[in-house]
Amino acid sequence: MHKTVADLAGRWLTRKPDALTDLEHRVLQSAIDRKAIAKNTAKAYKDRQSFGERLADSIARVGGSWTFILSFVLFLVVWTVANVYLLRTDAFDPYPFIFLNLVLSMLAAIQAPVIMMSQNRQTERDRIDATHDYEVNLKAEIEIMALHEKLDELRHQEMMAMRDKLSELTEMMQRLEARLAASDKAG
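Below is a summary of the structure that appears in this document.

Conventions we followed
- Residues numbered from 1 in each chain as written.
- Predicted model: local features only at pLDDT ≥ 70, side-chain atom pairs only at ≥ 80, totals over all residues.
- Heavy atoms only, no water.
- Helix = DSSP H or I, 4+ residues; strand = E, 2+ residues; numbered from the N terminus.
- Rg over C-alpha atoms; globule rule 2.2 N^0.38 Å.
- Buried < 20%, exposed > 50% of the residue type's maximum accessible area, 1.4 Å probe, protein only.
- Core = buried A, V, L, I, M, F, W, Y, C linked by side-chain atoms within 4.5 Å.
- Contact = heavy atoms within 4.5 Å.
- Salt bridge = Lys/Arg side-chain N within 4 Å of Asp/Glu carboxyl O.
- Phe/Tyr/Trp six-rings, centres within 6.5 Å; stacked < 30°, edge-to-face > 60°.
- Polar contact = N/O pair within 3.5 Å; in protein donor to acceptor, adjacent residues only side chain to side chain.
- Axes fitted to C-alpha atoms, helices over the stretch in contact; angles between N-to-C directions.
- Parallel < 35°, antiparallel > 145°, perpendicular 65-115°, else oblique.
- Nonpolar A, V, L, I, M, F, W, Y, C, P; charged D, E, K, R; others polar.
- Patch = residues over 30% accessible without salt bridge, like charges linked within 9 Å, V, L, I, M, F, W, Y side chains within 5 Å.
- Areas by Shrake-Rupley, 256 points an atom, 1.4 Å probe, with all protein chains shown as cover.

Another aspect to go through is the overall build of the chain. What the chain contains, in helices and strands, is 6 helices and 0 strands. Counting from the amino terminus, helix and strand elements in the chain follow one another as α-α-α-α-α-α. Here the chain has a C-alpha radius of gyration of 37 Å; the compact-globule value for 187 residues is 16 Å, and the former is much larger. Put simply, the chain has 187 residues, and 20% of those count as buried.

As structure tokens, then:
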């Protein structure tokens, strides 16, 4: 039996074909063609990234790590100790550490937008993954419904075959009973 997207849309999604989204149409077509729709969205997304996007993601990954936080705390402690105790008279940034504040402000001014850009891209990746997950889940549901339909058809065919066999057996029993009754009357 040749199935069409319109047949499947009405049967499994209870919608008219013109009410289907492109994604649903693609999923139904893949069910007809018996093709997989799963794909590695992370690889496809990574291949499309520019150098700047990859750099921003790397900076955000490093800037949000415990290694960076602990090493920066160590840097702050060394800076403070060096300027307060070791270089008491010739400190290059004496207390209240104006130069350190400038460095920290510049770092924050650069790091915050880079992290925000990376988070925006992560949100986009999550959106792509969610759409793909929906597509795969819809395909799985459709395939399960198709299996149920096939099993129901097989069960129906078995029941019809059993009914026919039972009818044959009933007729054979009736003929045997008729022969026995005829042989009892004759004998």
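The next thing to look at is the nonpolar core. Core analysis: the largest hydrophobic core is formed by 14 residues, its most contacted members being W12, L13, L20, V27, L28, L138 and I142. Apart from the residues lying within four places of it in its own chain, the contact partners of W12 are K3, I142, M145, A146 and E149.

Turning next to unusual backbone geometry. Cis peptide bonds are those with omega within 30 degrees of zero, and the linkage from Y95 to P96 qualifies with 15 degrees. In this structure, T14 takes a positive phi of about 45 degrees despite not being glycine. A relative accessible area of 66% places T14 in the exposed class.

In this structure the tally under the stated criterion is 10 salt bridges. Measuring nitrogen to oxygen at the nearest pair gives 3.2 Å for the salt bridge that ties D47 to K43. Highlighted residues: D47 and K43, both in helix α3 (residues 41-48), separated by 4 residues, approximately one helical turn. Linked through salt bridges whose partners overlap, the residues forming this network are D57, R121 and R125.

This brings us to the packing of aromatic side chains. Taken as a whole and assessed by the stated rule, the structure comprises 6 aromatic pairs. Seen from their ring centres, Y95 and F97 are 5.7 Å apart, and the 85 degrees between their planes marks the pair as edge-to-face. A residue is classified by how much of its surface remains accessible, and Y95, at 67% relative accessible area, is exposed. The structure contains a cluster of three or more aromatic residues connected by ring pairs, namely F68, F72, F75, W79, F92 and F99.

This part is about the side chain of E24. Topologically, E24 is positioned in helix α2 (residues 22-33). In terms of polar contacts, E24 uses its side chain to reach the backbone amide nitrogen of T21, at 3.0 Å. Contact partners of E24, with chain neighbours within four places excluded, come to L13, R15, A19, Y134 and L138.

Of note, L55 is situated in helix α4 (residues 51-63). The exposure class assigned to L55 is partly exposed, which follows from its relative accessible area of 42%. As a C-alpha pair, L55 and H156 span 101 residues in sequence and 61 Å in three-dimensional space.

With that settled, the discussion passes to the packing of α4 against helix α6 (residues 98-186). Packing of α4 against α6 brings their axes to within 8 Å, and their N-to-C directions diverge by 110 degrees. Comparing their axes, α6 and α4 come out roughly perpendicular. Residue-level inspection shows E53, A56, D57, I59, A60 and G63 of α4 in contact with α6, the latter providing Q111, V114, I115, M117, S118, R121 and R125. Residue composition of the contact of α4 with α6, by class: 6 nonpolar, 3 polar and 4 charged.

The subject of this paragraph is a nonpolar patch on the surface. Residues W66, I69, L70, V73, V77, V81, Y85 and L86 make up a contiguous nonpolar surface patch of roughly 860 Å² in combined accessible area. Turning to its location among the elements, V73 is positioned in helix α5 (residues 66-86).

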